[in-house]
Amino acid sequence: MDFQALFAYAGMGATAIAALVMTKAAWRLNTARVWKEEAEAQKARADRLMEDLTEIKERLTRIEDENKRLVQILLSLDPERIAAL
């Protein structure tokens, strides 16, 4: 076997290895991009849920306050009647 053929095989081998390395790097890059996009989407969902939860808590607090006022109004009108219920 002469050196020219050996270098040709070595060149083809190096090209194949380079192609494998590039393919693996591209796959990792795409995987990282997908995971990053998914993480960003999950964070956006969590942020929206936190906003919703805060709104629900505020509504509940308002409802509880209104209920306390209504009970006070009812008790001031006729406490004996309410106690009978």
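Not measured: the values here are computed from a predicted model.

1. As for the pattern of salt bridges
At step 1: With the rule as written, the count across this model stands at three salt bridges.
At step 2: The closest approach of N and O atoms between E38 and R45, which form a salt bridge, is 3.9 Å.
At step 3: Its relative accessible area of 36% is what places E38 among the partly exposed residues.
At step 4: One salt bridge in this structure joins D47 and K43, with 3.1 Å as the shortest N-O distance.

2. Here's the deal with the environment of D65
At step 1: For D65, the position within the fold is in helix α1 (residues 3-77).
At step 2: Overall, D65 belongs to the partly exposed group, its relative accessible area being 36%.

What counts, and where the lines are drawn
- Residues numbered from 1 in each chain as written.
- Predicted model: local features only at pLDDT ≥ 70, side-chain atom pairs only at ≥ 80, totals over all residues.
- Heavy atoms only, no water.
- Salt bridge = Lys/Arg side-chain N within 4 Å of Asp/Glu carboxyl O.
- Buried < 20%, exposed > 50% of the residue type's maximum accessible area, 1.4 Å probe, protein only.
- Helix = DSSP H or I, 4+ residues; strand = E, 2+ residues; numbered from the N terminus.

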